[in-house]
Amino acid sequence: MAFTSIGFRTTNTTSSNAACEIIAPASYNMPTILEISITPVNGANCVFGLGVPATRGGNPTANVILDTDDFSFPNNTFQIATGWTVGPAAPTNFFRRTTWSNTVGSIWQWTFRNGLIITPNNSVVIWNLATNDVVDVSIAFDA
Amino acid sequence: MAIYSVAVRTQIANTANAGATLLTGSTIRAVVFEAGWTLATANATVIGFGHPGAGTTPATNSAGQPEDMAGPTSTVNVAVTWTTYPTAPANFFRRASFPNTVGAGIIWTFPRGVTVPTSNSICFYNINTLGANSDCWLVWDE
């Protein structure tokens, strides 16, 4: 297990679409999310939810490269996607949902006391519950 | 024992009504560690968090989601509408006021947890909402 953290910017702002998807590989390591923070970039009201998509996104076309916080550890094999050929389907339920004010830099942080564990070949999405802003997302993992 | 959470949008925004209730089943209690609330519409709002005075009959339930995706199914639900409404808590564990700003909110944490016995409930209560629907979530151990 090694700590990994990543900051990235989303591009998909369309309501009822995923802004990003955190995807566990078929085997090896299960990403355990410890913390997620989200800040709007341009200043628009945002409503985001975090949940398990009904179906995973198909063929991610835009992926974020992950590094471990300890440079001596190998890079992780899980994946964060911000674009897809076919996007993920809407979650039925959400672990968290929050509304952001229309202020650049307004911030909400979700924490998970025991970690949100993504089992192999599964994913979780940050879901646009409204027409949202482009946002900067930071996630801390144990994986 | 495992951690569960679920997030909902409130539907009942009238003053002196519950916004959302967490309801335990008949066999397993829940220990609430976190309760979060953000305004989805701009109205000055006052909410509290406490045990309702009388039991409730929920109309819509959202089941707890295991934060370990391999975990067992939750026995706890969160309701945002009821056929029999919760009555006002006599006292509150937490209460907070928000400005009429979309996105205003709070995260309450309970370091040792608030225990909800079996067949019981705890609620976000609209002390003064003026019609402000909100996004809220609860995190618990069961």
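Preceding this section is the structure that the text describes.
In every chain, residue numbers begin from 1 and rise along the written sequence. All chains are assigned letters beginning with A, and all ligands numbers beginning with 1, in the order in which they are written. Residues qualify for local features only when their pLDDT is at least 70, as the model is predicted, and side-chain atom pairs are given and counted only at 80 or more; totals for whole chains, interfaces and linings, by contrast, use all residues. Excluded from the side-chain calculations are hydrogens and water; all other atoms, namely the structure's heavy atoms, are used.

Asks: I tried to follow the overall build of chain B on my own but got confused; where do I start?
Replies: Numbering of helices and strands starts at the N terminus; helices are DSSP runs of H or I of at least 4 residues and strands are runs of E of at least 2. Across its full length, chain B carries zero helices and 11 strands. Counted from the first residue to the last, chain B has its helices and strands arranged as β-β-β-β-β-β-β-β-β-β-β. Partly exposed residues are those whose accessible area sits between 20% and 50% of the maximum for their type, while under 20% is buried and over 50% is exposed, using a 1.4 Å probe and protein chains only. Each of the 142 residues in chain B was classed as buried or not, and the buried ones make up 54%. Once local pairs closer than 6 in sequence are excluded, the contacts in chain B between residues at least 24 apart make up 88%. We call two residues in contact when some of their heavy atoms are within 4.5 Å.

Asks: Looking at this structure, I do not really get the pattern of salt bridges. What am I missing?
Replies: One side chain can pair with another of opposite charge once the charged atoms of both are near each other. Each salt bridge in this description consists of a side-chain nitrogen of Lys or Arg and a carboxyl oxygen of Asp or Glu lying within 4 Å of one another. Counting across every chain of the model gives five salt bridges over all chains. For Arg96 of chain A, the salt bridge identified is with Glu67 of chain B, shortest N-O distance 3.1 Å. Here Arg96 of chain A, found in strand S7 (residues 96-100), pairs with Glu67 of chain B, found in the loop between strand S6 (65-66) and strand S7 (77-84), and the two come from separate chains. An identical accessibility class is assigned to Arg96 of chain A and Glu67 of chain B; each is buried. Residues Arg9 of chain B and Asp135 of chain B are paired through a salt bridge, measuring 2.9 Å at the closest nitrogen-oxygen approach. Of this pair, Arg9 of chain B sits in strand S1 (residues 3-9) while Asp135 of chain B sits in strand S11 (residues 134-141); the two residues are 126 residues apart in sequence, bridging distant segments of the chain. Taking the relative accessible area as the measure of exposure, Arg9 of chain B reaches 31% and is therefore partly exposed. Residue Asp135 of chain B is classed as buried on the basis of its relative accessible area of 0%.

Asks: Please explain the side chain of Thr24 of chain B as it appears in this structure.
Replies: All names here are of chain B. Within the secondary structure layout, Thr24 lies in the loop between strand S2 (17-23) and strand S3 (30-39). Judged by its relative accessible area of 9%, Thr24 is buried. N or O atoms closer than or at 3.5 Å make up a polar contact, with two conditions inside protein: a donor-capable atom paired with an acceptor-capable one, and, for residues adjacent in sequence, both atoms drawn from side chains. Reaching out from Thr24, the side chain makes a polar contact with the backbone oxygen of Pro117 at a distance of 2.6 Å. One polar contact links the side chain of Thr24 to the main-chain amide nitrogen of Asn120, over a distance of 2.9 Å. Dropping the residues within four chain positions of it, Thr24 is found in contact with Arg29, Ala30, Thr75, Val76, Val116, Pro117, Thr118, Ser119 and Asn120.

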